[in-house]
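Summary of structural features
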Number of protein chains: 2
Amino acid sequence: MLAAMPDIEHWFRTQWLEHAAPFYASVDLRNSGFKLAPVDTNLFPGGFNNLNPDFLPLCVQAAMAAVEKICPEARRVLLIPENHTRNTYYLRNVASLTNILRQAGLEVRIGSLSPEIIEPTLLDTHDGHSILLEPVKRQGNRIVLDGFDSCAVLLNNDLSAGIPDILKNLEQSLIPPLHAGWATRRKSQHFSAYNRVASEFAELLGIDEWLLNPFFATCGKIDFHARTGEDCLAANVEAMLMKIQAKYKEYGVTQEPFVIVKADAGTYGMGIMTVKSPDEVRDLNRKQRNKMSVVKEGLQVTEVIIQEGVYTFESINDAVAEPVVYMIDHYVVGGFYRVHTGRGTDENLNAPGMHFVPLAFEGSCTLPDRSGAPDALPNRFYAYGVVARLALLAAAIELQESDPLN
Amino acid sequence: MLAAMPDIEHWFRTQWLEHAAPFYASVDLRNSGFKLAPVDTNLFPGGFNNLNPDFLPLCVQAAMAAVEKICPEARRVLLIPENHTRNTYYLRNVASLTNILRQAGLEVRIGSLSPEIIEPTLLDTHDGHSILLEPVKRQGNRIVLDGFDSCAVLLNNDLSAGIPDILKNLEQSLIPPLHAGWATRRKSQHFSAYNRVASEFAELLGIDEWLLNPFFATCGKIDFHARTGEDCLAANVEAMLMKIQAKYKEYGVTQEPFVIVKADAGTYGMGIMTVKSPDEVRDLNRKQRNKMSVVKEGLQVTEVIIQEGVYTFESINDAVAEPVVYMIDHYVVGGFYRVHTGRGTDENLNAPGMHFVPLAFEGSCTLPDRSGAPDALPNRFYAYGVVARLALLAAAIELQESDPLN
């Protein structure tokens, strides 16, 4: 990847001529040493507060570029966050994001969809910042705040609970578009686009696509409570474990293959299961069924994606860690390690819990040291940035293809 | 400027929709406390080595954006530096610039026009880096190095000595274009464009344009040796000193007005004179005549620009300092203070000499602190970035208007 850097960047440049990058995104990666792959692409990234403050100018510059492309005429932006008004860490993300947009020269106010916000409300973050949430109102085909009518609306709300009526048929530019929300988005569509991206990129590098791409399969019409669809799940798990085993053999990997079963729509690390044998999905107890059947906002899980599990070989102070890379427009602006002391190398780390610690990348993802070792920190960060951009490109294609106006 | 930030950034966005920014530029500013104005805009900036290394990612990101706009298909770039192969500080700039372009994902090699470079030659910078200069060869309508044919050629050579034949009628993209070189460029054309930019911007802010814009006038057909054209010069100096005096009176400034007389074409702080009375340009001694009559590369001065002098109120350790702001595409990527212990507050600081010290800006120019004092460092840097971008916009308009294909 280091040697091919000019080819890689040239390839990305030509891709971005054809596909419009999402306004922003974060990508969860897993690095097993023999394999580096994206496992989740978030189009409404939280966690901007976890980035290294030294790289704030990079975020601001990228936000300027993004605004120029999407809404150059915009002067004001209405930011719509999630309804987690009690999660002071999430509020800190909203404060960071607001700051980036303001430094990019926009007038920004925060409009809440939460039924609890009925008047302008000052909320404090965990570290003493405060943000002003104002109730959003509909006026004709626009959403506004008192005395604030913006030409663009930036969503930091992934619409897990469905598309609220107040956001339907707006004449303002809605960024990202509504079909990027979990009300319509499917992980399987994303990874299907990623298959094509990874395949073309692997060909460019002359490597096995598997080294960048986890296998996946889907099962629809699952009801964890009624225990329907279990056969599809078990069969897919079994087939995938065998495919992984064959690859592990080819590359001399001695670890035990595993798969991750998760909701095809949804986020926040809910409804996720690590599976090492098809029997495990046949013998779920009541607690596991409950856990799997509901994701954020109480949404029922009926479609699942079965994804090859990728061990994380990264650890920080003996705790397992996975990198999360942040992008604005098609620029990598930073990232952090999700560090979890209470979890194993084969588990999802995007889980709530007091053992979660974000650790900002100390360097940028754009300054590889081609004279250094492949695993030197700047080079590892560069590789993260490359694979994250592959996932971003897949998201761009996915959004293009799922656009209802297409 | 701080309060109007959203309006300012919106205005710049709309301007960049109409005018293509130069690939890169640096702008010398003078800050007198009551006035902040550009005094020189360099379209072939040296001194990238003087920027704060912490902001290298910002340069790389901006270079990526610039390459995407100007030559997205480019994979290789041939960089053509000045012929100062013995100036180890300039060579260090070439090394820094090469590094930025490489980190942006381009294959870069350095082609020299110097007659001294007849084979690949490794040259050392003052601080132990080394760069490889290779002789440029013409092949049909392309310039190439041995085994290196690039689709784009980046000039870091300001063509003071005229346009060499080897660069004429190339089919490769030449960045910046030939007419940006001092062989054709005139400071007066730049400041004439700046007049229009500053006037529109001042109207946006509701301020007196003079606070951002130095007066200027020109005299053509000057021969310092034959003492022709002196009357034009003296008359212009006198008229301008009176105009400045009137403005000083309006704003209660008690300093003595002065003007700078310099070559209309050319750079490098040669052929520059500080003048406080019209008599001074009538009584030049032989040494002053010699100094004024020749700029870089032995070019004869026949046209001069008379520019309002702006005192610098900035000093660092008792030495006078002036800010220089660097831009790639339309992004401000950093800057430094030109600090000169041997010069006065009314003198040009872009002069060679052992008392010149570059001091990198410690912060970025894009993160104003709107809750801080107007003169707080982040806010001062933001103002520098704004005025530098005004000069950049003037350069964009100037290049558009002077394009021989127009």
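Residues numbered from 1 in each chain as written. Chains lettered and ligands numbered in written order. Predicted model: local features only at pLDDT ≥ 70, side-chain atom pairs only at ≥ 80, totals over all residues. Heavy atoms only, no water.

1. Structural notes on the nonpolar core
- In this structure, A:Ile328 and B:Ile328 are the most contacted members of the largest nonpolar core, which totals 83 residues.
- Filtering out sequence-adjacent residues up to four positions away, A:Ile328 remains in contact with A:Phe23, A:Tyr24, A:Phe48, A:Cys59, A:Ala62, A:Ala63, A:Ala66, A:Ile100 and A:Val333.
- Judged by nonpolar contacts, the second largest core, of 62 residues, contains A:Leu78, A:Leu170, A:Tyr194 and A:Val339. (Core = buried A, V, L, I, M, F, W, Y, C linked by side-chain atoms within 4.5 Å. Buried < 20%, exposed > 50% of the residue type's maximum accessible area, 1.4 Å probe, protein only. Contact = heavy atoms within 4.5 Å.)

2. What to know about the state of the cysteines
Residue and element names in this part refer to chain A.
- Enumeration over the complete set of coordinates arrives at two disulfides over all chains.
- Note on cysteine connectivity: Cys219 is disulfide-linked to Cys232, with sulfurs 2.1 Å apart. Between Cys219 and Cys232, the S-S torsion sits near -95°, and that sign places the bridge as left-handed. Of the two residues, Cys219 sits in strand β11 (residues 216-219) while Cys232 sits in helix α5 (residues 230-250), which places them 13 residues apart along the sequence. (Disulfide = S-S within 2.5 Å. Helix = DSSP H or I, 4+ residues; strand = E, 2+ residues; numbered from the N terminus.)

3. Some points on the packing of helix α4 (residues 187-205) of chain B against helix α8 (residues 377-402) of chain B
All names here are of chain B.
- With their axes 8 Å apart at the nearest point, α4 and α8 run at an angle of 125° to one another. Classed by the angle they form, the pair α4 and α8 counts as oblique. Two packed elements cross with a definite hand, and for α4 against α8 that hand is right-handed. In this structure, α4 contributes Gln189, His190, Ala193, Tyr194, Arg196, Val197 and Phe201 to the contact, and α8 contributes Val386, Val387, Leu390, Ala391, Leu393, Ala394, Ala395, Ile397, Glu398, Glu401 and Ser402. (Axes fitted to C-alpha atoms, helices over the stretch in contact; angles between N-to-C directions. Parallel < 35°, antiparallel > 145°, perpendicular 65-115°, else oblique. Left-handed = near helix turned anticlockwise from the far one by under 90°.)

4. Some words on the sheet that holds strand β14 (residues 304-308) of chain A
All names here are of chain A.
- The four strands are arranged β11-β14-β12-β13 in an open sheet whose pairing can be described as antiparallel. If you trace the sheet from one side to the other, it starts and ends with β11 and β13 (272-275), each paired once. Within this sheet the neighbouring strands show an average axis-to-axis angle of 20°, counted without direction.
- Sheet topology note: the strand β12 (residues 259-263)/β14 ladder contains five bridges and is antiparallel. From the neighbouring strand, Ala263 faces β14, where its bridge partner is Val304. (Pairing = 2+ DSSP bridges.)

5. Some words on the relation of the copies chain B and chain A
- Of the transformation superimposing chain B on chain A, the axial component is 0.0 Å and the angular component is 180°, with the fit at an RMSD of 0.0 Å. Here the copies are linked by what is in effect a two-fold axis. Of the C-alpha atoms belonging to chain B, the one lying closest to the rotation axis is found on B:Leu58, 2.8 Å away. (Least-squares fit on C-alpha atoms with pLDDT ≥ 70 in both.)

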